[in-house]
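Inside the fold
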Amino acid sequence: MARGRVPLAVNMRCRCAGRAEVPVFVARGLGLGCATAELRSVGGVRVVDSPRHATVLLAAGEFPGRMGEALDRVHDQLPHPRGVVWWRPPHAAAVPPALHDAAVAYEPTRVADVVRTVHRRCVEDQATTADVAPDRPPNDFAGRGSNGQGGDGMMGGTPWGRPMAMTADDRDGLQLDRLAVTFGPFTPAFPPGLFADVRLQGEIVQAITFAPPDADADAEVGWAAARSLPFSGERHLLHVLSDIAWLGGLPAAARRAARLAGSLRQGTTSPSAGELGRVRQQFRRSGFLRQWTGIGHLDGSGDVARRVAVMLDPSAAPVGDPLSIRDMEWSAIGRALIGMDWSDALMTIASLDLAGNWSGASISALRRL
Amino acid sequence: MIGNSTIPVWSAPLWVGSVLAVGVYVVAVADTVAQRIAAGGTLDAKVLVEPLRRVALATVQQRSVTERPDALLAALAPAALAGLAAAGLSVVPLSESWIVADIPSGIVWWGAVESLAIVAVFLHGWAPNSVQPLIGAYRYVADGLSVLLLSMFVLIGVAVHAQSLRISAVVADQHDLWNVIRQPLGLPLFVVVALGITSSRPLDIADGTDLAGGTTAETSGMPLLLWNVARAALLVAFAMMGSAAFLGGWWGPLVPGAVWMAIKTVALLAVFVALGNVVARVRPERFVTWCWIVLLPLAFADLAIAGLESL
């Protein structure tokens, strides 16, 4: 529709919408696990938890293999009008279909500007990206079978290509539907690229199998870029604290930690004890640590509250890096999550900081303050 | 007119709708302001127009449709929640003469509103036929049912002293002393009830960030806007009810009663919003435990105090 024929009220509405804080869903790929926290520190942009709430999809990093397919599905979930921005690492090779028409930004300082520009173009000009995947079930309907398959009252099997939940004993000995769901790779609490096949009864985890990303590639890509920046250890921990605060219902603390990390990006001085103290104070006074005491206990690293307390105050950790989880096996983590509420499981995973291969380097950096 | 009210019935929707609309705007602005202050950010005039810009954005966005949703319930849930907010507000007096429906059983009516609000939130999570909304709905029901009991005992406490279930009588009874002084446990418990029923931070059990938005995870555009508006409207209704039941309602010197009621309502909304930005989300399992082991006995104690004061 030509702009001159658009009613004035509609045009004003679109222009007003174009000036709103941009709702962005961040799909973190390999190499840019800090993307969500980075964006929280920027004004004019609002990081949302569901792609359904966003007008812009920010794809940050690389998306090899299954991650590219998942990105396509996430892209199609954004409502129209929608736009895509790719925060592209310089060495990125594969270009998933969802990113073919994406606006590209290479520098973190430019990402927010590009996001805002794309948003205004989508909303004011009604420009949008087309669906990548066809909107139909993975399996076609093959007719009714001799054993009632495909009919009314069918139980079990994979109708329309999706496993149907069947009942099983729960922890109280009752029969409850057990649902098989795949989470990831862009679940905010997960490290980028992690898939988890989960069996839930209600929201209780009954079984979980992780498919982690290529750990060496992620570490190399992520840390090579991060180490070139000043205060990389401090910034990484602040990003992790920002993500944990957001997950735990502390948006203000999340933004404060993210803003502090952002101020270090080009800085020449370490964060002051006062600034860090305010982040610690918000965590402590909010009751966060009390909430999570006794939850997510893993041998060698304590519970969620202890892991977060050490992130907040590394001087509380014994010397010698006892809290490194680099050698922890995925199967051990999975076993620890069985029987937990799903939200407790997410916080446990987030507190392990699996994306950053959290090590004593970050802790000792903050110890100097 | 219904009961002792002076508002013509035909104008009631207009009055109630206006009060709720203003209240929802106040909630939106207050939440943004509180969050920026708590995050150490700066304030500017954009916080006043941002809610309106978000409304405009919602009207531009497509509404998402999941696979095989319950379309009727998806449409019914936000309408029901907004309707319940209006229904609850209709029995709360804004001043000595301004009340839409001054019914003899206003406290019971309010209890029914709270009960049905739980149903509306559950329906909102059921409708999309998706995992995370359904988890949000079920865990909200667990917490909501626990919190409902608190509400009943706390509100019966104020009715006992007023010797009436009429909310205007409860306000009139506070002419010499507010119930927040008489029954000090009542208002803090009512704040917990308000945050729990409306699923507001730190009790955003239904729509939390840990569930990608919970019952709203699959919602976009106008349906999402209507749901958020309905929740905020219910929070406004709770603030008004709390002001009437515990903060003396229209009583106050110098300015008209309606102005005092507005001041107290805004103050209570500020408390709700501040708690949401200072306190971490309460884990659902822990909240249920607290409700039954700590808060419910406190509600009994509050009722006992009310009973003793009435002797």
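Residues numbered from 1 in each chain as written. Chains lettered and ligands numbered in written order. Predicted model: local features only at pLDDT ≥ 70, side-chain atom pairs only at ≥ 80, totals over all residues. Heavy atoms only, no water.

As for the packing of helix 8 (residues 186–197) of chain B against helix 9 (residues 221–246) of chain B
Any two packed helices are characterised by how steeply their axes cross, that is the angle between the axes, and by the distance between the axes. Residues and elements named next belong to chain B. Short version of the rule: Fitted lines through C-alpha atoms give the axes, limited to the stretch in contact for helices. The angle between two N-to-C directions lies from 0 to 180 degrees. We count a stretch as a helix when DSSP gives it H or I for four or more residues in a row; a strand needs E for two or more, and each element gets its number in order from the N terminus. The labels follow the angle: roughly parallel below 35 degrees, roughly antiparallel above 145, roughly perpendicular from 65 to 115, and oblique for the rest. In this scheme the handedness of a crossing depends on how the near helix is turned from the far one: anticlockwise by less than a right angle means left-handed, clockwise means right-handed. Here, two residues are considered to be in contact whenever any of their heavy atoms come within 4.5 Å of each other. Residues were grouped as follows: Ala, Val, Leu, Ile, Met, Phe, Trp, Tyr, Cys and Pro as nonpolar; Asp, Glu, Lys and Arg as charged; and all remaining residues, including Gly, as polar.
Packing of helix 8 against helix 9 leaves a shortest axis separation of 10 Å and a crossing angle of 165 degrees. Judged on the interaxial angle alone, helix 9 and helix 8 are roughly antiparallel. At the point where helix 8 passes helix 9, the crossing takes the right-handed sense. Along its contact with helix 8, which presents Gly-186, Leu-187, Phe-190, Val-193, Ala-194 and Ile-197, the element helix 9 presents Leu-234, Leu-235, Phe-238, Met-241, Gly-242 and Phe-246. Tallied by class, the residues present in the contact of helix 8 with helix 9 amount to ten nonpolar, two polar and no charged.

Observations regarding the confidence of the model for chain B
Heads up, the condition is: Confidence of the prediction at every residue is given by pLDDT, a number between 0 and 100.
Summing up the model confidence of chain B, the mean pLDDT is 93 and the portion of residues at 70 or higher is 98%. Confidence metrics for the complex model read pTM 0.90 and ipTM 0.92.

A word on the confidence of the model for chain A
For chain A, the average pLDDT comes to 80, and 76% of its residues sit at 70 or higher. For residues 357–369 of chain A, every residue scores under 50 in pLDDT, and the model assigns this stretch 38 contacts once sequence neighbours within four places are set aside.

Describing the side chain of A:Asp341
For the record, the criterion: Only protein chains enter the accessibility calculation, which uses a 1.4 Å probe; a residue whose area is less than 20% of its type maximum is buried, one above 50% is exposed, and one in between is partly exposed.
Its place among the elements puts A:Asp341 in the loop between helix 11 (330–337) and helix 12 (342–352). In this structure A:Asp341 comes out as buried when scored by relative accessible area, which is 7%. Dropping the residues within four chain positions of it, A:Asp341 is found in contact with A:Glu203, A:Ile204 and B:Glu285.

Brief notes about the side chain of A:Gln291
Selection criterion: Throughout this description, a polar contact denotes any pair of N or O atoms lying within 3.5 Å of each other; where both atoms belong to protein, one of them has to be capable of donating a hydrogen while the other can accept it, and for residues adjacent in sequence the pair is counted only when both atoms sit in side chains.
By secondary structure assignment, the location of A:Gln291 is in helix 9 (residues 288–291). Within the local environment of A:Gln291, its side chain forms a polar contact with the backbone nitrogen of B:Arg283, the two atoms lying 3.0 Å apart. Setting aside its immediate chain neighbours within four residues, A:Gln291 contacts B:Arg281, B:Val282, B:Arg283, B:Arg286 and B:Trp290.

Quick word on the nonpolar core
Selection rule: By nonpolar core we mean a set of buried residues, namely Ala, Val, Leu, Ile, Met, Phe, Trp, Tyr and Cys, connected to one another through side-chain atoms within 4.5 Å.
Counting 80 residues, the largest nonpolar core has B:Ile197 and B:Phe272 as the members making the most contacts within it. Leave out the neighbours within four places in its chain, and B:Ile197 touches B:Glu114, B:Ala117, B:Ile118, B:Tyr140, B:Gly144, B:Val147, B:Leu148, B:Leu234 and B:Phe238. By size, the runner-up hydrophobic cluster in this structure holds 52 residues, among which are A:Ile208, A:Leu264, A:Phe288 and A:Val304.

So, the interface of chain B and chain A
Counted only if it meets this: Here's the idea: put two parts together, see how much 1.4 Å probe accessible area each one loses, and the total over both is what we call buried area. Note on definitions: salt bridges are taken to be side-chain nitrogens of Lys or Arg within 4 Å of carboxyl oxygens of Asp or Glu.
In this complex, chain B contributes 48 residues to the contact, which on the side of chain A involves 54 residues. Carbon and sulfur atoms supply 52% of the area that chain B and chain A bury against each other, a total of about 4,100 Å² over both sides. Looking only at chain B, the three residues that lose the most surface to chain A are B:Leu57, B:Val60 and B:Arg283, adding up to 15% of its buried area. Scanning the region where chain B abuts chain A turns up four salt bridges. There are 23 residue pairs in polar contact (both at pLDDT 80 or more) connecting chain B and chain A. Going through the elements one at a time, helix 1 (12–38), helix 2 (46–60), helix 5 (131–162), helix 10 (257–278) and helix 11 (284–310) of chain B are the ones with two or more residues in the side of chain B that touches chain A. Sorting elements by how many residues they give to the side of chain B that touches chain A places helix 2 of chain B first, with eight residues. Of the residues contributing to the side of chain B that touches chain A, the split by class is 18 nonpolar, 16 polar and 14 charged.

Comments concerning the environment of B:Val273
Residues and elements named next belong to chain B. Tracing the sequence through the fold places Val-273 in helix 10. With 55 residues separating them in the primary sequence, Val-273 and Glu-218 have C-alpha atoms 25 Å apart. Here Val-273 is in contact with Val-27, Ala-30, Asp-31 and Ala-34, once residues within four sequence places are set aside.

Let's talk about the sheet that holds strand 6 (residues 166–169) of chain A
Residue and element names in this part refer to chain A. Convention followed: The rule for pairing is simple: two strands pair if DSSP sees at least two bridges between them.
The four strands lie next to each other as 6-7-8-9, forming an open sheet whose pairing is antiparallel. Edge positions in the sheet fall to strand 6 and strand 9 (204–211), since each of these pairs with one other strand and no more. Put simply, the sheet's adjacent strands are angled 30 degrees from each other on average, direction ignored. Judged from the five bridges that link them, strand 7 (residues 175–183) and strand 8 (residues 195–201) form a sheet pairing that is antiparallel. Paired with Leu-179 across the strands is Leu-200, a residue of strand 8.

Examining unusual backbone geometry
All names here are of chain A. Note that the residue after His-80, namely Pro-81, is joined by a cis bond; omega there is -10 degrees. Relative to the assigned elements, Pro-81 resides in the loop between helix 3 (66–77) and strand 4 (83–87). Gly-184 connects to Pro-185 through a cis peptide bond whose omega is 5 degrees. Structurally, Pro-185 can be placed in the loop between strand 7 and strand 8.

Let's talk about the packing of aromatic side chains
Formally: For Phe, Tyr and Trp, rings pair up if their centres lie within 6.5 Å, where Trp contributes its six-membered ring, and each pair is then called stacked (planes under 30 degrees apart), edge-to-face (over 60) or tilted (otherwise). A ring has a charge above it when a Lys NZ or an Arg CZ is no more than 6 Å from the ring centre and no more than 35 degrees off the ring normal.
Inspection of every chain in the model, using the stated rule, returns 13 aromatic pairs over all chains. Look at A:Phe288 and A:Trp292: their rings are 6.3 Å apart centre to centre, the planes differ by 40 degrees, and that puts the pair in the tilted class. Owing to a relative accessible area of 0%, A:Phe288 belongs among the buried residues under this scheme. Put simply, the rings of B:Trp110, B:Phe190, B:Phe238 and B:Phe246 touch in pairs and so form one group of aromatic residues. Its guanidinium or amino end placed over the ring of A:Phe195, A:Arg66 lies 3.7 Å from that ring's centre, counting from NZ or CZ.

Describing the sheet that holds strand 5 (residues 103–105) of chain A
Residues and elements named next belong to chain A. Spatially, the five strands line up as an open sheet ordered 2-1-3-4-5, and their pairing is parallel. Edge positions in the sheet fall to strand 2 (45–47) and strand 5, since each has one partner strand and no second. For this sheet, the mean angle separating the axes of adjacent strands, direction not counted, is 30 degrees. Pairing analysis gives five bridges linking strand 3 (residues 56–60) to strand 4, with the strands arranged parallel. Counted as the bridge partner of Ala-59 is Trp-86 from strand 4. Here helix 3 sits on the sheet and contacts strand 1 (22–28), strand 3 and strand 4; the angle it forms with strand 3, its principal contact strand, is near 165 degrees.

Observations concerning the pairing of strand 7 of chain A
Where a strand is regular, its side chains alternate between the two sheet faces. All names here are of chain A. Pairing of strand 6 with strand 7, which is carried by four bridges, proceeds in the antiparallel orientation. Residue pairing for strand 7: Thr-167 is matched across the bridge by Asp-177. What sits between strand 6 and strand 7 in their antiparallel hairpin is a turn of five residues, with Gly-173 showing a positive phi close to 85 degrees.

Considerations on a nonpolar patch on the surface
Residue and element names in this part refer to chain B. What counts is decided by this rule: Residues enter patches when they are more than 30% accessible in relative terms and free of salt bridges; like-charged ones are connected within 9 Å and nonpolar ones (Val, Leu, Ile, Met, Phe, Trp, Tyr) within 5 Å. Note that accessible areas follow from Shrake-Rupley with a 1.4 Å probe, and for residues the cover is restricted to the protein chains shown.
Residues Leu-149, Trp-290, Trp-292, Ile-293, Val-294 and Leu-298 make up a contiguous nonpolar surface patch of about 550 Å² in total accessible area. Looking at the nonpolar patch, the element that brings in the most residues is helix 11, giving five residues. Relative to the helices and strands, Trp-292 is located in helix 11. By relative accessible area, which is 46% here, Trp-292 ends up partly exposed.

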